[in-house]
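Single-letter residue listing:
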Amino acid sequence: MGKGIFEGYQRLAGTFDEFFDADGKPQSAVAAVVDHLNELTRRDFRRLQGLADATFLRGGITFTLYDGNSSTERIFPFDMIPRVIAAREWREIEAGLVQRIQALNLFLADVYSDQRILQEDVIPRHLVEGSKGYRSQLKGIRPPKDVWVHIAGVDLIRDGEGRLRVLEDNVRVPSGVSYVLENRETMKKTYPAIFRNVSVEAVESYTHKLREAMNAVAPGEGGTKRMVVLTPGPFNSAYFEHSYLARRIGCELVQGSDLFVERNRVYAKTTQGPAPIDVIYRRIDDDFLDPEVFRADSMLGVPGLIGAWAAGNVAIVNAVGNGVADDKGVYPFVPDMIRFYLSEDPILPQVDTYVCAREDDCSYVLEHLSELVVKPVNEAGGYGMLMGPSATRAECAEFRKRVEADPRNYIAQSRIELSTCPTWTSKAVEPRHVDLRPFVVTGDRSWVLPGGLTRVALRKGSYIVNSSQGGGSKDTWVVGEST
Amino acid sequence: MISRVADSCFWLTRYLERVDTWSRLLDVTSSFSLDVGPDGSGRWRPLVIVVGQEKDFLERIGAAGMEDAEVVQHYLVWDERHPASLFSSIRAVRENARTIREAMSVEMWEAVNQSWLWLTSRSAKRLYDRERGAFYERLSSDCMMFHGICYSTMLHEDPFTFMKLGRAVERIGQTSRILDVRHHALGESSQDDEESAAMAARWLAILRSCSAYEPFFKRAANVLSGSAVAEFLLFERTFPRSVLHNLDRVRGLLERLRQSNDATGKSPAWESLERFRGSVLQLDMDEVRRQGIHRVATWLVDETAVLCNAIHEEFLDPSIDSLRARVHRNDRVAARRQLRAQSQVQTQG
């Protein structure tokens, strides 16, 4: 046997590795995959990786990076070594995700109607009503079938002990699922042999499930429902995904300017005149959805859309106003929500979080600033964060002042050492940090896509998995017992 | 279908047709220059004029460049700064295709994407430098391939119809332009049938740039002359790039759209087409000779623009007011229908 690609693989000390245990033995679920891949030399592997990259380029499976006047289309880097999860573990994750989404859904229905959870003081009112994602204008609106979170992308990370924890709930417009489906397809096309003797759970039913869910929430009685995917347009970096989903669901892809509202009904401008629309899977943020209700300067949305939705004439997927449910300030209370609405204990753990609004938590945070990650609750995308372990003294002191001045605006978490997965670096296989974004689709009931999007930080030592900053992705396998 | 998507289907094939026509025209013009030797002056300038870029060319490149085969070709193939270059057209094809991938088959998208990736690759530049003819042939065969792929992979319904519609109207304009190239090359006075070897070569070049060389000679009555060529390109119904053939085709396509849309009311696009087509049917070669080919060609290009506007207003970009009015009309019809159903139930009860 030639030199296999895993030869000389060194896992990182103090980190959980998705493939190899402390003694360097493959975890049982990955044994078959490791055997397969080890039959490849580095040269073979390089060739396969090249084939896969060419497939993405040919298919135009790209995202666009804008830099001043110019734009470049890039493929989202794809790593041919799959991320493997044992089916037994997955069943528990699945149950945990469904439970979580159920609770978040009940929470949304509650905060936009009776607000029981606020009245009973389970969650501080100011955190909910002060959240940027909370839309007081929507109070009293009930979306069709009371489904708010039709599509969720929940970010999970594996801690040092190997336990998966929820890091973040994305229940507004989560993206990335097209890569899950394309990654699998590319993998099958370029390296069918790797699926030999392994039973990997299929992912392609995602779009059928999504279609079913959209159908289930369509207003009115049976009959054919007209559904559309609403995109900000071809200059959006995720346009590929919008177009992909429209094609797979078998519905039309529209931009805001293709729709109009008349007498509280939504119509598309078609070559045959106005065509009524029943379900809109929107990929536009709340703020831009309806200039009559939210940002007046939005050119992307549809004037009158919210009125049509409130009148029950159209389903919007995901519902409007969901931002309050995946707010950083609300996150620490999700386990309480689960207990409050479902009378169950949370199945999935999440990252321990200190809420500075609580006096005890706050004094703990102030004493341990240099060990914690401190986040303001109302900032998106990592702005205004303190990474305690790597911060300077001055930065910590500065943050101390900010937290003391406005404790209600801050939460803090201990830093989690993300797990690693063996990843091809163009020369060899090395450990790289990964996270996982499973997708949950909810119509009449919830369904979890087996696996999800594994994002990998391709730069050595990096924890940043975003595609714009050196992140890539992997095919994610839920694998049953070896056959 | 969504009007914007129909618009992109329509424009996708219009740009594609430009690539097809112009890569063939450039190919023929460069090999034609070789045929007749170094006396090549005035051969490239007409291309720049007919493509509508004279002003831009003079401003940015200068008059001297118009006589230079390499400068003009580079301008018409690679220059990204004007919309008429092959490069810009293929980019527009691809951008339109990317925007409406949901309306196309995977095979169509991959074909368009491959052409674009190739054009931006080093091997395209190399082929352009070393084997100019093969470069142009590749582009024009990519275009034809695309139509074949469309035909055999996509549903033959509205998006397909709009793609064919775009191609047909673009061909009317492009064939007219090619006839006009001759005018700009020779001047109106020499349009009559001079029987010299040099003239014959020019007529043949015109036929070649419309892929009409062999089809022309299949019509036995045609002897090679200026008016025979013009007549063929204007009125030969069975020739797929002739003006009349494409007017017939537009007619058929508009009819198909009306059928698939169950349309009964007035159709401005249809009316515009009938007017245009009627005038072309009344035209004959005596009249063309009398007016001069340049005037006729210009008229055809202008009428095509009028037709396109009508198609835009009716299908591709209808005004919001007309749409709102249609909603109200539909609501009234539905209400009346409901009322009638109720009264029937009551009388039965």
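For the structure, check the block above.
For clarity, every value in this text was computed on a predicted model and none was experimentally measured. (Residues numbered from 1 in each chain as written. Chains lettered and ligands numbered in written order. Predicted model: local features only at pLDDT ≥ 70, side-chain atom pairs only at ≥ 80, totals over all residues. Heavy atoms only, no water.)

Trainee: How do you make sense of the pattern of salt bridges when you look at a structure like this?
Mentor: Opposite charge on two side chains permits pairing when their charged atoms draw close. All names here are of chain A. In the structure shown here, the tally under the stated rule is 57 salt bridges over all chains. The residue Lys145 makes a salt bridge to Asp444 at a minimum N-O spacing of 4.0 Å. You can see Lys145 sitting in the loop between α5 (125–129) and β4 (151–158) and its partner Asp444 sitting in the loop between β19 (439–442) and β20 (446–448), a full 299 residues away along the chain. Classification of Asp444 by relative accessible area gives exposed; the value is 59%. Residue Asp336 is joined to Arg339 by a salt bridge in which the shortest nitrogen-to-oxygen separation is 3.2 Å. A residue pair is termed a helical-turn pair when its members lie 3 or 4 positions apart in one helix, as Asp336 and Arg339 do in helix α10 (residues 334–342) at three residues. Assessed through its relative accessible area of 23%, Asp336 is described here as partly exposed. (Salt bridge = Lys/Arg side-chain N within 4 Å of Asp/Glu carboxyl O. Helix = DSSP H or I, 4+ residues; strand = E, 2+ residues; numbered from the N terminus. Buried < 20%, exposed > 50% of the residue type's maximum accessible area, 1.4 Å probe, protein only.)

Trainee: I'm lost on the side chain of His433(A) in this one. Help?
Mentor: Within the fold, His433(A) resides in strand β18 (residues 429–437). Engagement of the side chain of His433(A) in a polar contact is seen with the backbone oxygen of Leu418(A), the distance being 2.9 Å. (Polar contact = N/O pair within 3.5 Å; in protein donor to acceptor, adjacent residues only side chain to side chain.)

Trainee: Help me understand the state of the cysteines, please; the structure alone is not making it clear to me.
Mentor: A disulfide bridge is the covalent bond that connects two cysteines by way of their sulfur atoms. Enumeration over the complete set of coordinates arrives at zero disulfides over all chains. Not part of a disulfide, Cys251(A) finds its nearest cysteine sulfur in Cys9(B), a span of 16 Å. Under the relative-accessibility criterion, Cys251(A) is labelled buried at 12%. Distance from the sulfur of Cys9(B), which forms no disulfide, to the nearest cysteine sulfur (Cys150(B)) is 9.0 Å. By relative accessible area, which is 0% here, Cys9(B) ends up buried. (Disulfide = S-S within 2.5 Å.)

Trainee: Explain the environment of Thr304(B) here, please?
Mentor: All names here are of chain B. Positionally, Thr304 belongs in helix α16 (residues 293–316). When its relative accessible area of 4% is taken as the criterion, Thr304 is described as buried. Once the C-alpha coordinates of Thr304 and Asp286 are considered, the two residues, 18 residues apart in sequence, prove to be 22 Å apart. Beyond its immediate chain neighbours, meaning those up to four positions away, Thr304 contacts Val169, Ile172, Gly173 and Phe276. (Contact = heavy atoms within 4.5 Å.)

Trainee: Mind showing me how you'd approach the packing of aromatic side chains here?
Mentor: Here the distance between the centres and the angle between the planes together describe a pair of aromatic rings. Applying the stated criterion across every chain, the model contains 36 aromatic pairs over all chains. Ring geometry for Phe6(A) and Phe19(A): centres 6.0 Å apart, planes at 50°, overall tilted. With Phe6(A) in the segment before α1 (31–38) and Phe19(A) in the segment before α1, this pair connects stretches of sequence that are 13 residues apart. Since its relative accessible area comes to 6%, Phe6(A) is described here as buried. The interplanar angle of 70° and the centroid separation of 5.7 Å between the aromatic rings of Phe162(B) and Phe315(B) together place this pair among those described as edge-to-face. (Phe/Tyr/Trp six-rings, centres within 6.5 Å; stacked < 30°, edge-to-face > 60°.)

Trainee: Help me understand empty space enclosed by the protein, please; the structure alone is not making it clear to me.
Mentor: Where empty space is left becomes clear once a probe the size of a water molecule has been rolled over the atoms. In the structure shown here, the tally under the stated rule is three cavities of 30 Å³ or more. The volume enclosed by the largest cavity comes to roughly 80 Å³. Along the wall of the largest cavity there are 13 residues; nearest its centre are Gly60(A), Thr62(A), Tyr239(A), Phe240(A) and Arg98(B). Looking at the lining of the largest cavity residue by residue, the classes come out as four nonpolar, five polar and four charged. (1 Å grid on protein atoms, 1.4 Å probe; cavity = no way out; pocket = protein on both sides within 12 Å on 5 of 7 lines; lining within 4 Å. Points joined across faces, edges and corners; volume = space filled by probe spheres on them. Nonpolar A, V, L, I, M, F, W, Y, C, P; charged D, E, K, R; others polar.)

Trainee: Would you take a moment to explain the nonpolar core for this structure?
Mentor: Nonpolar side chains in soluble globular proteins generally cluster together in the buried interior. In this structure, Phe107(A), Met337(A) and Phe135(B) are the most contacted members of the largest nonpolar core, which totals 172 residues. Once you skip the residues sitting within four places of it in the chain, Phe135(B) turns out to touch Val77(B), Trp78(B), Trp118(B), Leu119(B), Ala124(B), Leu127(B) and Tyr128(B). Grouped together as the second largest cluster of nonpolar side chains are 66 residues, Phe56(A), Val180(A), Val456(A) and Val479(A) included. (Core = buried A, V, L, I, M, F, W, Y, C linked by side-chain atoms within 4.5 Å.)

Trainee: Would you mind going over the interface of chain B and chain A with me for this structure?
Mentor: Frequently, the measure chosen for interface size is the accessible area that the parts lose on association. The interface is formed by 32 residues belonging to chain B together with 29 residues belonging to chain A. Carbon and sulfur atoms supply 49% of the area buried between chain B and chain A, which totals about 2900 Å² over both sides. The interface formed by chain B and chain A holds four salt bridges in total. Glu110(B) is the partner of Arg58(A) in a salt bridge, and the nearest nitrogen-oxygen pair spans 3.7 Å. Remark: the boundary between chain B and chain A carries 18 residue pairs in polar contact (both at pLDDT 80 or more). Of all elements in the fold, only α1 (3–35), α5 (86–99), α6 (106–119), α9 (158–186) and α17 (320–348) of chain B reach the threshold of two or more residues within the side of chain B that touches chain A. Here the element with the most residues in the side of chain B that touches chain A is α17(B); it accounts for eight residues. Along the lines of polarity and charge, the residues of the side of chain B that touches chain A split into 13 nonpolar, eight polar and eleven charged. (Buried area = accessible area lost by both parts, 1.4 Å probe.)

Trainee: Help me understand the sheet that holds strand β13 (residues 353–355) of chain A in this model?
Mentor: The pairing of strands in a sheet comes from backbone hydrogen bonds and takes either a parallel or an antiparallel form. All names here are of chain A. Here four strands make up an open sheet; going across it, the order is β13-β16-β14-β15 and the pairing antiparallel. One side of each edge strand has no neighbouring strand; the edge strands of this open sheet are β13 and β15 (386–387). Two elements, strand β14 (residues 372–376) and β15, share two bridges in a ladder whose sense is antiparallel. When the bridges of β15 are listed, Val374 appears paired with Leu386. Across the face of the sheet, helix α11 (residues 359–367) comes into contact with β13, β14 and β16 (410–414) while running at roughly 115° to β13. (Pairing = 2+ DSSP bridges. Axes fitted to C-alpha atoms, helices over the stretch in contact; angles between N-to-C directions.)

Trainee: Looking at this structure, I do not really get helix α2 (residues 42–58) of chain A. What am I missing?
Mentor: One full turn of an α-helix is made of 3.6 residues, so residues set three or four places apart face in the same direction. Residues and elements named next belong to chain A. A rise of 1.5 Å per residue sets the reference length of α2, with its 17 residues, at 24 Å; its end C-alpha atoms lie 24 Å apart and thus fit the reference within 8%. Those residues of α2 that sit buried are Phe45, Leu48, Gln49, Ala52, Thr55 and Phe56. One face of α2 carries all of its buried residues, which in axial projection span an arc of 115°. Away from the buried face of α2 by more than 90 degrees, exposed residues Arg43 and Arg47 are located. Where α2 terminates, the next one or two residues include Gly60, which has phi positive at roughly 65°. (Expected span 1.5 Å × (residues − 1). Arc of directions from axis to C-beta.)

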